[in-house]
Amino acid sequence: MKNTLKFIGSLFRQKKESSLQTKILKATNGIKTIPLTVQIADTPKKRDKGLMFVEQLPENKGMLFVFSGETYGGFWMKNTFIPLSIAFLDSDGKILKILDMMPCKEDFCPTYDPELTYHYALEVNLGWFEKNQLKEGHFIKF
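Below is a short write-up of the structure. The structure displayed is predicted, hence computed values, not measured ones.

Rules of the game
- Residues numbered from 1 in each chain as written.
- Predicted model: local features only at pLDDT ≥ 70, side-chain atom pairs only at ≥ 80, totals over all residues.
- Heavy atoms only, no water.
- Pairing = 2+ DSSP bridges.
- Helix = DSSP H or I, 4+ residues; strand = E, 2+ residues; numbered from the N terminus.
- Axes fitted to C-alpha atoms, helices over the stretch in contact; angles between N-to-C directions.
- Core = buried A, V, L, I, M, F, W, Y, C linked by side-chain atoms within 4.5 Å.
- Buried < 20%, exposed > 50% of the residue type's maximum accessible area, 1.4 Å probe, protein only.
- Contact = heavy atoms within 4.5 Å.

## Describing the sheet that holds strand β2 (residues 33–41)
Strand order in the open sheet made by the 7 strands is β6-β5-β8-β3-β2-β1-β9, with mixed pairing throughout. Of all strands in the sheet, those bounded by a partner on one side alone are β6 (95–101) and β9 (139–141). Ignoring strand direction, the axes of neighbouring strands in this sheet form an average angle of 30°. In this structure, strand β5 (residues 84–89) lies alongside strand β8 (residues 118–125), joined through 6 bridges in antiparallel fashion. Looking at β8, one finds that L84 is bridged to N125.

The structure is reproduced here in structure tokens:
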């Protein structure tokens with residue numbers, strides 16, 4: 001019985017741990033390339049949760065929001081505890097716009113809208129793009 005419970009428990013842990021796929025991306029400004037490990041948010045449920053309740057994000061880690069096609073609209077920071085920078089990318093990984101976003105624990109949180117259509121959004125620690133000399137027109141390679 002004890003072994004059966006351990007087995008059942010391990011199944012649930014594996015499902016929880018594997019719920020977000022991890023991938024290594026390469027951010028490039030044409031001169032240098034920076035590896036970036038991201039969790040993939042590719043379903044509405046995963047995108048809705050995003051980095052909510054995360055208390056720290058290690059350097060060169062982030063979250064890539066994947067949409068099935070071009071989309072528009074903004075992101076908000078409800079229940080997000082750390083400041084983030086977000087890059088909105090086209091289908092080729094070209095950075096279209098970068099915005100800085102502040103944590104929000106209130107009922108009403110501002111929306112950070114790039115005011116353009118995009119295919120992906122990449123969230124990292126606040127200032128990561130600037131620190132790595134990445135700006136609009138540079139690329140994130142998948």
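Having seen it, we continue.
## A few points about the nonpolar core
Formed by 19 residues in total, the largest nonpolar core has its most connected members in F65, F75, L84, I86, F88, M101 and A121. Counting only elements with at least two residues in this core, the list comes to β3 (61–71), β5, β6 and β8. Other than its neighbours up to four places away in sequence, M101 contacts F75, M77, P83, L84, I86, Y112 and E123. With 18 residues, the next largest nonpolar core counts V66, A87, L122 and V124 among its residues.

## Concerning the environment of T33
On the secondary structure map, T33 appears in strand β2. Between the C-alpha atom of T33 and that of N132, which follows or precedes it by 99 residues, the distance is 9.1 Å. Once residues lying within four places of it in the same chain are set aside, the contact partners of T33 are K26, A27 and T28.

## Describing the environment of P35
Structurally, P35 is set in strand β2. Residues P35 and N60 lie 25 residues apart in sequence; the distance between their C-alpha atoms is 7.0 Å. Sequence-distant contacts of P35, that is, excluding residues within four places in its chain, are made with I24, L25 and N60.

## Observations regarding the pairing of β2
In the sheet, strand β1 (residues 22–28) pairs with β2 via 7 bridges, with the strands oriented antiparallel. In the strand pairing of β2, K23 is matched with V38. Hairpin geometry of β1 and β2 is characterised by an intervening segment of 4 residues between the two adjacent antiparallel strands and by a positive phi of about 95° at G30. With 5 bridges connecting them, β2 and β3 associate as parallel partners. When the bridges of β3 are listed, I40 appears paired with L64.

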